[in-house]
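Observations on the three-dimensional arrangement
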Amino acid sequence: MMSRERKKAAGGLHEKLQILRSITHSRALSDTSIILDASEYIKELKQKVVKLKQEIACEEAGVLKQKSSPMTTVTVETLGQGFLVNVFSDKSCPGLLVSVLEAFDELGLSVLEATASCADTFRLEAVGGENQVENVDEHVVKQAVLQAIRNCSEGDA
């Protein structure tokens, strides 16, 4: 038989495992599986932290390089096998939309749907379909779009 202290400790451990299960959105029932799910969740969080630090470093480097350049924001999200790309630049230049669409084409991305405005500012929201080229991720798409914007801006200057 278990002593009261052991039962109390076991109950406290079970309660903490349930809290861990809730925090990590685990559907596991066994204690071992809950801990494995939590471990996987921590790995995912660490990857997100590394990715965010890289993005911050890239943004800081970009800000230092482009102090006098127009303000440009590019975000890329993965959608299944494709991407959602949002672009904003406070300055538009002739051929910018074509330049960005050519960058998509060079990456093997087909544009399924897009909304663009090229008046004084440049805005683009595009949904890129399944890419036919391997090793194309969010970072690659973002860098290609930024390069297309730089090329267009330099040609306009």
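Residues numbered from 1 in each chain as written. Predicted model: local features only at pLDDT ≥ 70, side-chain atom pairs only at ≥ 80, totals over all residues. Heavy atoms only, no water.

**A word on the overall build of the chain**
Just so we agree on the cut-off: Only DSSP runs of H or I covering at least 4 residues are called helices, and only runs of E covering at least 2 are called strands; the numbering of each starts at the N terminus. Relative accessibility thresholds used throughout: buried, under 20% of the residue-type maximum; exposed, over 50%; partly exposed, between the two (1.4 Å probe, protein chains only). When checking whether two residues touch, look at their non-hydrogen atoms; a contact exists if any pair is within 4.5 Å. Residue burial considers only the protein chains on display, and all accessible areas are found by Shrake-Rupley using a 1.4 Å probe.
For the chain, the count of helices and strands is four helices and four strands. Put simply, the chain runs from its N terminus to its C terminus through helices and strands in the order α-α-β-β-α-β-β-α. The buried share of the chain, taken over its 157 residues, is 25%. Relative to all contacts within the chain whose residues are 6 or more apart in sequence, the contacts with residues 24 or more apart total 54%. With an accessible surface of roughly 11200 Å², the chain has 55% of that area assigned to carbon and sulfur atoms.

**Brief notes about the pairing of strand β3 (residues 111-117)**
Note the cut-off: At least two DSSP bridges between two strands are required for those strands to pair.
With six bridges joining them, β3 and strand β4 (residues 122-128) adopt antiparallel strand pairing. When the bridges of β4 are listed, A116 appears paired with L124. Following β3, the chain reverses through four residues before pairing antiparallel with β4.

**What to know about the sheet that holds strand β2 (residues 82-89)**
The cut-off we apply is this: Only the contacting stretch of a helix is used when fitting its axis, a line to C-alpha atoms as for every element, and angles between N-to-C directions run 0 to 180 degrees.
The four strands are arranged β1-β2-β4-β3 in an open sheet whose pairing can be described as antiparallel. The open sheet has two edge strands, β1 (72-79) and β3, and neither has a second partner. On average, each strand axis in the sheet is inclined to that of its neighbour by 5°, with strand direction left out of account. Bridging between β1 and β2 involves eight bridges; their strand directions are antiparallel. What sits directly across from T72, in β2, is S89.

**A few points about the pattern of salt bridges**
The line we're drawing: Put simply, a salt bridge is a Lys or Arg side-chain nitrogen that is within 4 Å of an Asp or Glu carboxyl oxygen.
A full pass over the atoms with the stated rule returns one salt bridge. Residue K51 pairs with E138 through a salt bridge whose shortest N-O separation is 2.6 Å. Of the two residues, K51 sits in helix α2 (residues 31-65) while E138 sits in helix α4 (residues 138-156), which places them 87 residues apart along the sequence.

**Some thoughts on the pairing of β2**
Along β2, six of the eight residues are buried, which leaves the element largely enclosed by surrounding structure. Linkage of β1 to β2, two consecutive antiparallel strands, is achieved through a turn of two residues, within which G80 is found at a positive phi near 60°.

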